[in-house]
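# Structure at a glance
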Amino acid sequence: MKPIELDGRTGEGGGQLVRLAVGLAALTSQPVTITNVRGNRQGGRGGGLKSQHVTSIAWLASVTDAQTTGLSVGSKTLTFIPRRSPLQLASQGGKRKYSISAESDAASALLVLQAIFPYVLFASAEGDEPLELDISGGTNVAWSLSYEYFDQVLMPTLEERFGVQVKRELRQRGWSLGSKSRGNIWLRIHPVPQGQKLRYVPPPAYTYPDSYRVERVDVSIIVPQWAHETLQSNVVRDLGTLFPDADVHFKLLEDSRDDARWSVLLVAQSTAGIRWARDVLWSMPKKAKSRDVLVSQLSRALCKRLYEEVELGGTVDEHLQDQVVSLQALAEGLSSFPRHDDGHGADERYVDEVIDGVASLSVGAKLRKEKTHAPFGHGSGHTQTARWVISELLPKSEFYNKGDVVRGVGFSL
């Protein structure tokens, strides 16, 4: 087969394009060539493959017996030609256990997982035996989802909406900030059984504004011990101002043991089970005149960002939306995770449009099919680019109503 050719400068033009393309290529046994890899990452963050890309692609190449060219850090062109399907994933020592270790401590373990996840999700075995992954790398890394976001937002959504079963454990925290540190995550994944398909389970019917009322905010704080009490009191104050009817629950309090390491996650949950999250990865300036003032500013800014996300009136937050598009395209039938971001807050008419996107799955509302020759639709640049990459690798997937509704291909092996 002639490789599918993708220009790495398209749309958002970063590493997500590479991870999605190679992950789906491995799953579907399609060759792919990416030119201008991470072509929109010139300057401070640099272009070409990074350590986490090479780590995940090398593992996929090993298990698919793929031919590769350009598989090295800094490479601007990559070709990946897989030759084994997920059903041929071999066991090691009689057990389905696999270890993946990035060369760089700062390489995100969660982004490595993102690249290989479609492949392992369908790597079923006789008797529906699960497989285990042990991934070493960063767990709290710049430009990546944190382990806490993965555990509290992404995975619960995949469990509820697609029936995905993944047991996970943070065994060691690893940072891209401060002194070198290597993290480790462990997962036990139950792949989709052979011949079966992912199926989307719609959420309960939404109504506005009742379904969007925040009733609880979970807070995870991983900062130096000296700042715990100050940060907690500021977060309670700021959330109380913005979400006066919500309970504040401190889900995780952990000493980062380093002023250069601050990770805070806020997860708002509505009465209808909608989740929105915002987080921050930050370092305290070494010459800060008033550390308490900076802690107060950090809390105020983060809580405001969460409030603004909720006010958009979507059913997912900015980062969750682009993470679920690939599963939507692989699943059978229609699914919807709408989030509109056109610069204004939600009003009743605006949210009604979002609700209609979800409701159309059951009431047969008119669907307007989108052209997929370029990034498109509502949502962030990452989400728009993800839709384009997926449509190139899964051309039978269909997108409607600015991408708010997806008809998946019903992939199975």
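This structure is a prediction, so every number in the text was calculated from the model and none was measured.

What follows concerns empty space enclosed by the protein. Tallied over the full model, the rule gives 2 cavities of 30 Å³ or more. For the largest cavity, the lining is made up of 18 residues, of which Leu113, Gln114, Phe117, Leu154 and Gln323 are closest to its centre. When contributions to the lining of the largest cavity are tallied by element, the ones reaching two or more residues are helix 1 (15-28), helix 3 (109-121), helix 4 (147-162) and helix 7 (318-330). In terms of residues, the lining of the largest cavity owes the most to one element, helix 3, which gives 6 residues.

You can read the domains of the protein chain as domain 1 (4-190), domain 2 (214-312) and domain 3 (318-409). Computed from C-alpha coordinates alone, the two centres of domain 1 and domain 3 are separated by 23 Å. Listed as interface residues are 28 residues of domain 1 and, on the opposing side, 22 residues of domain 3. With both sides pooled, the region where domain 1 packs onto domain 3 buries about 2200 Å², and carbon together with sulfur makes up 80% of that total. Of all residues in domain 1, the largest losses of buried area upon contact with domain 3 belong to Gln16, Leu24 and Phe162, amounting jointly to 25% of the total for that side. Where domain 1 touches domain 3, the interface holds 0 salt bridges. Taken together, domain 1 and domain 3 are joined by 6 residue pairs in polar contact (both at pLDDT 80 or more). Going through the elements one at a time, strand 1 (4-7), helix 1, helix 3 and helix 4 are the ones with two or more residues in the side of domain 1 that touches domain 3. Element by element, the count of residues in the side of domain 1 that touches domain 3 is highest for helix 1, at 8 residues.

This part covers unusual backbone geometry. Excluding glycine, residues mostly have negative phi values, and the peptide bonds linking residues are mostly trans. The linkage connecting tyrosine 208 with the following residue, proline 209, adopts the cis geometry, with an omega of 5°. Positionally, proline 209 belongs in the loop between strand 8 (183-190) and strand 9 (214-223). Non-glycine residue serine 29 carries a positive phi angle of around 55°. For lysine 402, which is not glycine, the phi dihedral falls at a positive 60°. By the secondary structure assignment, lysine 402 is in the loop between strand 14 (398-400) and strand 15 (405-409).

Let us look at the packing of helix 1 against helix 9 (residues 381-393). Between helix 1 and helix 9, the shortest axis-to-axis distance is 10 Å and the interhelical angle comes to 25°. For the element pair helix 1 / helix 9, the angle class is roughly parallel. Judged by the sense of rotation from one axis to the other, the crossing of helix 1 with helix 9 is right-handed. On helix 9, the residues that touch Gln16, Leu17, Leu20, Ala21, Leu24 and Ala25 of helix 1 are His382, Thr385, Ala386, Trp388, Val389, Ile390 and Leu393. For the contact of helix 1 with helix 9, a count of residues per class yields 10 nonpolar, 3 polar and no charged.

Below, the discussion takes up the packing of aromatic side chains. Summed over all chains, the structure comprises 14 aromatic pairs. Seen from their ring centres, tryptophan 59 and tyrosine 98 are 6.0 Å apart, and the 80° between their planes marks the pair as edge-to-face. Of the two residues, tryptophan 59 is situated in helix 2 (residues 51-64) and tyrosine 98 in strand 5 (residues 97-101); the sequence distance between them amounts to 39 residues. Given a relative accessible area of 10%, tryptophan 59 falls into the buried group. What makes tyrosine 98 buried here is its relative accessible area of 3%.

Glancing now at the packing of helix 1 against helix 2. At a minimum axis separation of 11 Å, helix 1 and helix 2 run at an interaxial angle of 5°. As the angle between them shows, helix 1 and helix 2 are arranged roughly parallel. On helix 2, the residues that touch Gly15, Val18, Arg19, Val22, Gly23 and Ala26 of helix 1 are Gln52, His53, Ile57, Leu60 and Thr64. Here the contact of helix 1 with helix 2 is built from residues that sort into 5 nonpolar, 5 polar and 1 charged.

Moving on to the pairing of strand 11 (residues 262-270). For strand 11, the tally of buried residues reaches 8 of 9 residues, placing the bulk of the element in the interior. Pairing geometry for strand 9 and strand 11, over 8 bridges, is antiparallel. Its bridge partner being in strand 11, valine 214 is matched across the sheet by serine 270. In this antiparallel pair of consecutive strands, strand 11 and strand 12 (residues 275-282), the connection spans 4 residues, and glycine 273 shows a positive phi of 90°.

Bringing the sheet that holds strand 3 (residues 67-69) into the picture now. What the 4 strands build is an open sheet, ordered 1-2-4-3; its pairing is mixed. For this open sheet the edge positions go to strand 1 and strand 3, each flanked by a neighbour on one side alone. Looking at each pair of strands side by side, their axes are set apart by 10° on average, direction ignored. As judged from the 3 bridges shared by strand 3 and strand 4 (residues 78-81), these two strands associate in the antiparallel manner. In the sheet register, threonine 68 faces strand 4, and the bridge partner there is phenylalanine 80. With respect to the sheet, helix 2 is in contact with strand 3 and strand 4, its orientation differing from that of strand 4 by roughly 30°.

Cut-offs used in this document
- Residues numbered from 1 in each chain as written.
- Predicted model: local features only at pLDDT ≥ 70, side-chain atom pairs only at ≥ 80, totals over all residues.
- Heavy atoms only, no water.
- 1 Å grid on protein atoms, 1.4 Å probe; cavity = no way out; pocket = protein on both sides within 12 Å on 5 of 7 lines; lining within 4 Å.
- Points joined across faces, edges and corners; volume = space filled by probe spheres on them.
- Helix = DSSP H or I, 4+ residues; strand = E, 2+ residues; numbered from the N terminus.
- Domains from an automatic or database assignment.
- Contact = heavy atoms within 4.5 Å.
- Buried area = accessible area lost by both parts, 1.4 Å probe.
- Salt bridge = Lys/Arg side-chain N within 4 Å of Asp/Glu carboxyl O.
- Polar contact = N/O pair within 3.5 Å; in protein donor to acceptor, adjacent residues only side chain to side chain.
- Axes fitted to C-alpha atoms, helices over the stretch in contact; angles between N-to-C directions.
- Parallel < 35°, antiparallel > 145°, perpendicular 65-115°, else oblique.
- Left-handed = near helix turned anticlockwise from the far one by under 90°.
- Nonpolar A, V, L, I, M, F, W, Y, C, P; charged D, E, K, R; others polar.
- Phe/Tyr/Trp six-rings, centres within 6.5 Å; stacked < 30°, edge-to-face > 60°.
- Buried < 20%, exposed > 50% of the residue type's maximum accessible area, 1.4 Å probe, protein only.
- Pairing = 2+ DSSP bridges.

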